[in-house]
Structures are given as C-alpha cells and as structure tokens.
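Structural overview for review
Here's the letter readout for the chains.
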Amino acid sequence: MANYENGANTRQMIIAACKQLFYHKGFHETSFGDICKEAHINRGTLYYHFKTKEEMRYEVQCEFIVANKHIAEKYCTDPRYLYILAVGLYWEQAHRDEKLRRFCLQYCIDFPVYTGKKDPTLFYYTIYDGMWGQFWDQQKISQLAFASVYGY
C-alpha cells in the first residue's frame, strides 16, 4: 500500500512540476532534466511514470480541464449546459493569461486537425474528442450549447 501511495504522490509532483515549467518556460523549451530538477526526482523515476513529454502535457491539460469542470459544476446544475460553461471558463482564462494561452495554442499547433480541405464540423468534433470528450458524454450536451461553443 505504501508503494502505491508514494508512486501516486510522485506522479502528482511530476505533474505539478510540469505545470510550472510548461507555464513559465513553455512546453518545447522544458527539458526532461528541468522536470527532474523541479520535481526532485531522477530520470528513471520520471520515465517510470511518463514515457514521453506528450504524456505529461496531456496530464497537465486534463487537470486544467477537470479544474474548469469543477468550477462550472458550482454554478450550473443542468448537465446540458455545464459543458458550455466549462469551455467558456477555459477559453476566458486562456484569453486573460498570455502564458496559458501559449500553452493551449501550442497544443493545437503540435496536433493540427484542420486544413482548408476538411469540414469544420469534423475539426470541432475532433477537438471535442481529443480534449473534452472523456469528461462529458456528448449525449448530455445540448446541441445548442455545443454549437455555441464552436460557433457553428
């Protein structure tokens, strides 16, 4: 039992270090060495928990999304509109904070989905599936709320 708890704590320390470093230095500018130093761990421990920096970025992004979901749940009890509030909070924070905006936009740049030859609807659903889909069942989101978030 103690090993699991220590491992879970170590994983959280790594994610916290990544949040700080990705925010202040940028994702691409942060090295594995930087993360190890900030989390006070060695490389073996880092690789035990995460094989790639992409996995770390994904965890940081998920924590950010979950935090906005919890904030939205305090103000909205209707599950059909909870999604639109959480996404609105997410983008409002990114709009206000230049470093956070850089982190969010870099994710989209690194994983481009949309090209002029694709249908914009496909782009929006791909963004939903990749970032928000694991937190909300699309059937519980009103079509109006979904369309409002993505502007179509």
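Here goes a summary of the coordinates provided.

Reading the values: rules and limits
- Residues numbered from 1 in each chain as written.
- Predicted model: local features only at pLDDT ≥ 70, side-chain atom pairs only at ≥ 80, totals over all residues.
- Heavy atoms only, no water.
- Salt bridge = Lys/Arg side-chain N within 4 Å of Asp/Glu carboxyl O.
- Helix = DSSP H or I, 4+ residues; strand = E, 2+ residues; numbered from the N terminus.
- Buried < 20%, exposed > 50% of the residue type's maximum accessible area, 1.4 Å probe, protein only.
- Patch = residues over 30% accessible without salt bridge, like charges linked within 9 Å, V, L, I, M, F, W, Y side chains within 5 Å.
- Areas by Shrake-Rupley, 256 points an atom, 1.4 Å probe, with all protein chains shown as cover.
- Expected span 1.5 Å × (residues − 1).
- Arc of directions from axis to C-beta.
- Polar contact = N/O pair within 3.5 Å; in protein donor to acceptor, adjacent residues only side chain to side chain.

1. Here's the deal with the pattern of salt bridges
Here the structure, examined in full by the defined rule, presents five salt bridges. Close ionic contact of Glu 59 with Arg 11 constitutes a salt bridge, the shortest N to O distance being 3.5 Å. Here the residue Glu 59 occupies a position in helix α4 (residues 53-75), and Arg 11 occupies one in helix α1 (residues 2-24), the gap between them amounting to 48 residues. Overall, Arg 11 belongs to the partly exposed group, its relative accessible area being 26%. Residue Lys 25 pairs with Asp 34 through a salt bridge whose shortest N-O separation is 2.5 Å. Residue classification places Lys 25 among the partly exposed positions, given a relative accessible area of 35%.

2. So, a nonpolar patch on the surface
Among the surface-exposed residues, Trp 91, Leu 105 and Ile 109 lie close enough to one another that they form a single nonpolar patch of about 300 Å² accessible area. As for its position among the elements, Ile 109 is in helix α6 (residues 98-110). Among the residues examined, Ile 109 registers a relative accessible area of 58% and is labelled exposed.

3. Let's talk about α6
Under the 1.5 Å per step criterion, the end-to-end length of α6 is 18 Å for 13 residues, consistent within 8% with the ideal 18 Å. Taken residue by residue, α6 has Leu 100, Phe 103, Cys 104 and Tyr 107 as its buried positions. Along the axis of α6, the buried residues cluster in a sector spanning 90°; they form a single face. Away from its buried face by more than 90 degrees, α6 exposes Glu 98 and Ile 109. Of the residues that open α6, the one with a side-chain oxygen 3.1 Å from the backbone nitrogen of Lys 99 is Asp 97.

Shape descriptors only; they carry no functional weight alone.
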